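Structure at a glance
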Amino acid sequence: MQSTTDIAIIGGGLAGRMMALAAARAGLSATIIDKAPKGDLEADAFDGRSYAMAHSSVRMLRKLGLWDHLEQVSQPILDIKISDGPVHGTPSAPLLHFDHHDLYEGPMGHMVEDRHLRPALVEMLDEVKTIHYLDKTEIVDAEQEGRYLKLIARDGSDLRAKIAVCADGRTSAFAKSVGIGYEGWDYAQTSLVCALEHEHPHNGIAYQHFMPPGPLAILPLKGNRCSIVWTETKENADTIMSLDERAYLDVLRPRFGTFLGKIKLVGQRYSYPLNLSLARKFVAARTALIGDAAHGMHPIAGQGLNSGLRDIAALIDVITEAKQRGEDIGADATLARYQEWRRFDATALSLALDSFNHLFSSNNPILRAIRTTGIHVIENTPSLKTAMMRQAAGLSGELPELMR
Ligand SMILES: Cc1cc2nc3c(=O)[nH]c(=O)nc-3n(C[C@H](O)[C@H](O)[C@H](O)COP(=O)(O)OP(=O)(O)OC[C@H]3O[C@@H](n4cnc5c(N)ncnc54)[C@H](O)[C@@H]3O)c2cc1C
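Residues numbered from 1 in each chain as written. Predicted model: local features only at pLDDT ≥ 70, side-chain atom pairs only at ≥ 80, totals over all residues. Heavy atoms only, no water.

For helix 1 (residues 14-25), with 12 residues, the first-to-last C-alpha span of 17 Å sits near the 16 Å given by 1.5 Å per residue. Among the residues of helix 1, those classed as buried are Leu14, Ala15, Gly16, Arg17, Met18, Met19, Ala20, Leu21, Ala22 and Ala23. (Helix = DSSP H or I, 4+ residues; strand = E, 2+ residues; numbered from the N terminus. Expected span 1.5 Å × (residues − 1). Buried < 20%, exposed > 50% of the residue type's maximum accessible area, 1.4 Å probe, protein only.)

This part takes up the nonpolar core. One finds Leu66, Ile312 and Leu315 to be the most contacted residues of the largest nonpolar core, which totals 76 residues. The leading source of residues in this core is helix 9 (residues 304-324), at 10 residues. Those residues in contact with Leu66 that lie beyond four places of it in its chain are Met18, Leu21, Leu61, Ala120, Leu121 and Met124. Among the nonpolar cores identified, the runner-up in size contains 20 residues, and Leu196, Ile218, Ile240 and Ile263 belong to it. (Core = buried A, V, L, I, M, F, W, Y, C linked by side-chain atoms within 4.5 Å. Contact = heavy atoms within 4.5 Å.)

One non-glycine residue, Lys136, lies in the positive phi region at around 50°. One non-glycine residue, Thr171, lies in positive phi territory at about 50°.

Right, let's get into the sheet that holds strand 13 (residues 205-211). Taken in spatial order, the 8 strands line up as 6-5-13-14-15-12-16-19 in an open sheet, and their pairing is mixed. The open sheet has two edge strands with one neighbour each: strand 6 (96-99) and strand 19 (295-296). Where strand 12 (residues 182-198) lies against strand 16 (residues 263-279), 14 bridges are found, and the strand directions are antiparallel. In the strand pairing of strand 16, Gly184 is matched with Ser277. (Pairing = 2+ DSSP bridges.)

Attention now moves to the side chain of Arg310. Among the secondary structure elements, Arg310 is positioned in helix 9. Excluding its chain neighbours within four sequence positions, the residues that come into contact with Arg310 are Arg342, Gly394, Ser396, Gly397, Glu398, Leu399, Pro400 and Met403.

The next subject is the site of the ligand. Near the ligand there are 31 residues, and of these Asp34, Ala52, Asp292, Leu305 and Asn306 occur at the shortest range. Here Arg49 contributes a side-chain N or O atom positioned 3.0 Å from an oxygen atom of the ligand. Asp292 is positioned such that a nitrogen or oxygen atom in its side chain is 2.7 Å from an oxygen atom of the ligand. Considering the ligand on its own, with 1000 Å² of exposed area, one finds that the protein chains cover 88% of that surface. Elements with a minimum of two residues in the shell around the ligand: helix 1, strand 3 (50-54), strand 12 and helix 9. Taken together, the residues of the shell around the ligand break down into 14 nonpolar, 11 polar and 6 charged. (Near = heavy atom within 4 Å. Polar contact = N/O pair within 3.5 Å; in protein donor to acceptor, adjacent residues only side chain to side chain. Areas by Shrake-Rupley, 256 points an atom, 1.4 Å probe, with all protein chains shown as cover. Nonpolar A, V, L, I, M, F, W, Y, C, P; charged D, E, K, R; others polar.)

Among the 9 residues in helix 3 (residues 55-63), 7 count as buried, and that is most of the element. Looking at helix 3, one finds that the buried residues are His55, Ser56, Ser57, Val58, Arg59, Met60 and Leu61. Of the surrounding elements, those touching the buried residues of helix 3 are helix 1, strand 3, helix 4 (67-70), strand 7 (109-113) and helix 9. One or two steps after helix 3, the chain reaches Gly65, where phi turns positive at roughly 85°.

Turning to the state of the cysteines, a few remarks are in order. Joining two cysteines, a disulfide is a covalent bond between their sulfur atoms. On inspection of all chains with the given rule, the structure shows 0 disulfides. We note that Cys194 lacks a disulfide partner, and the nearest cysteine sulfur, in Cys226, lies 7.7 Å from it. (Disulfide = S-S within 2.5 Å.)

Tracing the chain through its elements places Ile152 in strand 10 (residues 148-153). Sequence separation of Ile152 and Val140 is 12 residues, and the distance between their C-alpha atoms is 6.0 Å. The residues touching Ile152, leaving out its near neighbours within four places in the chain, are Glu138, Ile139, Val140, Asp141, Glu143, Ser157 and Asp158.

Should their charged atoms come close, side chains of opposite charge can pair. Counted under the stated rule, the structure contains 26 salt bridges. Of the charged contacts in the structure, one is a salt bridge between Glu138 and Arg154, with a shortest N-O distance of 3.6 Å. Of this pair, Glu138 sits in the loop between strand 8 (131-134) and strand 9 (139-145) while Arg154 is found in the loop between strand 10 and strand 11 (158-166), placing the two residues 16 residues apart along the sequence. With a relative accessible area of 32%, Glu138 lands in the partly exposed category. Beyond isolated ion pairs, a larger network of salt bridges with shared partners links Arg17, Lys38, Glu42 and Asp126. (Salt bridge = Lys/Arg side-chain N within 4 Å of Asp/Glu carboxyl O.)

Time to look at the environment of Leu21. Locating Leu21 in the fold gives a position in helix 1. Distance from Leu21 to Ser172, taken between C-alpha atoms, is 21 Å for residues 151 residues apart in sequence. Once residues lying within four places of it in the same chain are set aside, the contact partners of Leu21 are Leu64, Leu66, Leu121, Met124, Leu125, Val128 and Ile131.

Summarising the element assignment, Gly330 is placed in the loop between helix 9 and helix 10 (332-360). Given a relative accessible area of 2%, Gly330 falls into the buried group. Measuring from C-alpha to C-alpha, the distance between Gly330 and Leu249 comes to 51 Å, with 81 residues separating the pair along the chain. Apart from the residues lying within four places of it in its own chain, the contact partners of Gly330 are Lys162, Ile163, Arg286 and Leu335.

With that settled, the discussion passes to the sheet that holds strand 3. Judged by pairing direction, the sheet is antiparallel, and its 3 strands sit side by side in the order 3-7-4 without closing on themselves. With partners counted over all chains shown, the strands left at the sheet margins are strand 3 and strand 4 (75-77), one partner each. Averaged over all neighbouring strand pairs, the angle between strand axes comes to 30°, with direction disregarded. The pairing of strand 4 with strand 7 spans 3 bridges and is antiparallel. Its bridge partner lying in strand 7, Gln75 is registered against Met111. (Axes fitted to C-alpha atoms, helices over the stretch in contact; angles between N-to-C directions.)

Below is the structure:
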């Protein structure tokens, strides 16, 4: 390991790498440390997800110089239509329709495929001299050394950093090692993810169809393609994943409906078991948590990565402010400003999505009545609907510089 850096980033997933780019833009050196081999994380088929990137996240991708690589291959999300219904049977007519014209900001966001986002990040990071990457490395201990934190790896080597940014995913091992605990629970649900080709155009519309075992999101990709996030109980998902492609599509079709014509699988199928994992604190001495390490939330509204980007943008703002004032960027007071900015919002969002999942993934007649009334109120209250759209597009609340 080289001996000192401004920021040591533990975890080289999307949040960790994005943090490194944002740090470089702010004039800070960064070292990413990941326990996995770099080649594995950068392999074409590593991750089958496509991300609904909120309007504010797209602004950040643009400021970080990534959007030039992504714009041509990303699909604008114009409208969102929400319906519900049983597993076997036609989805209801849309109960809620979010129309991007009501937002006055252009599309509500863009669908960005992991297979495009990850290589774009790799390419950009490789060009930045102040970013270093250490793979197959695990930090096992940390000690305070004046204005630095000394991070000690399993092989005995060490690295001194002004701040350690913890981006090692849900229930971070590093956060736990510095005394940060977690709250959370297992959803006993799994999201099945794949890309489909379909006969009719999607016209940039994203669909969310709620069914008792979990929601099915149909998210538009470039061309006549979509990405699905199909959430089922864990048992159902295990069975469905074990089917061959033809049988998999046979189970999907009644849930999917016929509005996009014939469908066929493109590429591999993936599955992601779901849980909630919320850090009790977002900071410790010279340490800040970002991304899923801070808040691993339900993917029901596609907000996890968006929230992680907001963490990064907020953290960079408080660090930059401290640097401009000549303060210690890793001081408790600096990191406390970050925690104050992000912890309440990210925790509230995670818990709201948790309630949303309980409310919609249920056949209970009382819960069904509550949600029908709630949806009716939203659909018929334009100001409430616009406020929800602004929230989903990441445009409400105090926006950090990278998202303005
Ligand atoms: C089905 C599904 C669909 C989703 N769709 C959306 C969407 O549409 N929009 C959206 O905004 N979000 C979405 N999300 C959420 C989004 O995928 C995550 O929030 C995001 O990928 C988390 O990135 P991360 O870098 O924080 O964590 P991770 O991707 O978990 O990365 C953690 C990294 O840390 C490394 N690591 C782990 N332990 C250690 C250790 N001890 N030492 C060093 N390194 C370590 C790992 O190897 C890994 O590289 C979705 C999630 C799911 C499950």
